Amino acid sequence: MKQPPVGFINTVLRDGHQSLAATRMTTQQMLPVAPLLDEAGFTGLETWGGATIDACLRFLGENPFDRLRALKKVAPRTPQLMLLRGQNIVQYTSFPDDVVEAFVRATAVAGCDIFRIFDALNDPANLRTAIRAVRATGKHARGEICYTTSPVHTLDRFISFGKELAELGCHSLAIKDMSGVLTPHVTAALVGGLRKATGLEVAVHSHDTAGLAVASYLAAVEAGASAVEVSICPFANGTAQPDTLRMLAALEGHPRRPQHFDTALLQKIRETLEPAYAELKTFTSPANERTDPDILALQIPGGMLSNFRSQLKDLKMADREEEVCHEIPRVREALGWIPLVTPTSQIVGTQAMLNVKFGPWKNFAPAAREIALGKYGRTPGPIEPRIRDLAAELSGEDPVTCRPADLLAPGMPDLRREAAEAGLPDSDEACVLFAMFPQQTRDWFAGKRPDPPAPPKPAAPAAPRKRNMRITVAGRTQEAHVEEWS
Ligand code: CO
């Protein structure tokens, strides 16, 4: 049977600048290019979610919902996508079901059409509520399968997870390769296997960190993927998605190559984005722009590696990098082979450093203990019993065996009261932002907003990219910020 051309979903307004410019693109920088993207014929535009909501409030002085509405207004034709972290919404801790539902409702009203729903542990229990909530709004629920490598992450396992997502009501599926370690043959097997097992459309989202994304996408197209996710230069390649023109060229002569893209328009989009990239120079870095094979050699995602090296230096352990790298898989195994993705990458990296510095599990970090106690959900493999017992003993708490959100009472009534007391509007929008980013939301509505980043002076040297390495991720009131990639 003849297959239709593969769709291209463009990520430049979300993952493109999240991966290459620390999520700092402002709505003002997006507005000139959004109508051009809308005109180009992309299957979808990823414009929201992930770290953008945090970045809007924390760094840019923007209301994220206003951004979504503004983009929908200037780009009304192409479906817009957001990245939703299941029960964690766009944070790192579980929220009550009614807060997840209110968030999804508000986001659907503001203009999001397709929800990319994922859980870093691929735990279906953490996705159930979000999928149901998206379906209730009549919007499209795309279930994301987080790809990672470990002895328990087998092809069969990924496919049975895809079946669970289909049973939970996802309209389509995607393979989400947040660290760019997906390879062509694996991609083909996953896409083919998932399509056969579920009958659903399967899209592929990868990163070009190790230079593999175009080859993996080509394999995905061969195996019948419905869409691949691309960005556009200068916010493309490196730690972001491959460039649109590059992907079109890779498909030259292929029966599934989309034929409707106008290269002159794509060039115009690129030219329109160049000034924004230059203005964001403080946040861009050559390390993110280049192809980095370290990820493959060390099996450590690119975004984690730069954090990890600066943290080693801070701990005066720069000379022990190799030892710590060897410890990482041991920590992952003890903690049920959790994938290395925000925030678990920071947690695993820190615990590996502590194990090397003080001896195995002599200094058991609180965040790693929470994983061992099941507070993030069911891990892909079993937690080593002695590690789980040690975590329980140190924290004086029993392991969680149910869905973490089952332990939470409904949150909206209290949030509405607290929001009113803080002088915020009574809307779902204000309440869900307040639930996730209380201080920033309060500041925004009080008119206390950070200045948007000033364009760099000509010829000013780029500042080193400073990252905050605190990893206190648990608890409702946590405020720690970690740079992330997804
Ligand atoms: Co991504």
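Calculation criteria
- Residues numbered from 1 in each chain as written.
- Predicted model: local features only at pLDDT ≥ 70, side-chain atom pairs only at ≥ 80, totals over all residues.
- Heavy atoms only, no water.
- Buried < 20%, exposed > 50% of the residue type's maximum accessible area, 1.4 Å probe, protein only.
- Helix = DSSP H or I, 4+ residues; strand = E, 2+ residues; numbered from the N terminus.
- Pairing = 2+ DSSP bridges.
- Right-handed = clockwise from strand over helix to strand, strands pointing away.
- Salt bridge = Lys/Arg side-chain N within 4 Å of Asp/Glu carboxyl O.
- Contact = heavy atoms within 4.5 Å.
- Domains from an automatic or database assignment.
- Buried area = accessible area lost by both parts, 1.4 Å probe.
- Polar contact = N/O pair within 3.5 Å; in protein donor to acceptor, adjacent residues only side chain to side chain.

## A word on the pairing of strand 6 (residues 172-176)
Across the 5 residues that make up strand 6, a large majority, 5, are buried. Because side chains alternate across strand 6, one face comprises the buried residues Ser172, Ala174 and Lys176, and the other comprises Leu173 and Ile175, equally buried. Relative to strand 6, strand 5 (residues 140-146) is paired through 5 bridges, and the arrangement is parallel. Opposite Cys146, over in strand 6, you have Lys176 as the bridge partner. In the classification by handedness, the crossover that spans strand 5, the intervening helix 8 (residues 155-167) and the parallel strand 6 is right-handed. Direction of pairing for strand 6 relative to strand 7 (residues 202-205): parallel, over a ladder of 4 bridges. Each bridged residue has a counterpart across the sheet, and for Lys176 the counterpart in strand 7 is His205. Between the parallel elements strand 6 and strand 7, the chain passes through helix 9 (residues 184-198) in a crossover that is right-handed.

## Here we look at the pattern of salt bridges
Here the structure, examined in full by the defined rule, presents 32 salt bridges. A salt bridge links Glu144 to Arg142; the nearest nitrogen and oxygen atoms lie 2.7 Å apart. In this pair, the class of Glu144 matches that of Arg142, namely buried. A salt bridge links Arg417 to Asp414, with the nearest nitrogen and oxygen atoms 3.4 Å apart. Residue Arg417 and its partner Asp414 are both found in helix 20 (residues 412-421); the two are separated by 3 residues, about one turn of the helix. Owing to a relative accessible area of 41%, Asp414 belongs among the partly exposed residues under this scheme. Connected through salt bridges with shared partners, the residues Arg14, Asp15, Glu46, Arg116, Arg142, Glu144 and Glu229 form a single ionic network.

## Quick look at helix 7 (residues 128-137)
Those residues of helix 7 that fall on the buried side of the exposure criterion are Thr129, Ala130, Ile131, Ala133 and Val134. Against strand 3 (80-84), helix 6 (97-110), strand 4 (114-117), strand 5 and helix 8 lie the buried residues of helix 7.

## A look at the environment of Lys72
Along the chain, Lys72 turns up in helix 5 (residues 64-74). Sequence-wise, Lys72 and Asp113 are 41 residues apart; in three dimensions their C-alpha atoms are separated by 9.9 Å. Setting aside chain neighbours within four positions, we find Lys72 in contact with Thr78, Gln80, Ala110, Gly111 and Asp113.

## Some details on the domain arrangement of the protein chain
Segmenting the protein chain into domains produces domain 1 (7-283), domain 2 (288-405) and domain 3 (417-445). Averaged C-alpha coordinates put domain 1 and domain 2 at centres separated by 26 Å. Summed over both sides, the interface between domain 1 and domain 2 buries roughly 2600 Å², with carbon and sulfur atoms accounting for 60% of that surface. Summed over the three residues of domain 1 that lose the most area to domain 2, namely Tyr92, Leu121 and Thr209, the buried surface amounts to 22% of that side. In this structure, the connection of domain 1 to domain 2 is made through 1 salt bridge. Note that Asp97 and Arg403 form a salt bridge whose closest N and O atoms lie 2.7 Å from each other. The tally of links between domain 1 and domain 2 comes to 11 residue pairs in polar contact (both at pLDDT 80 or more).

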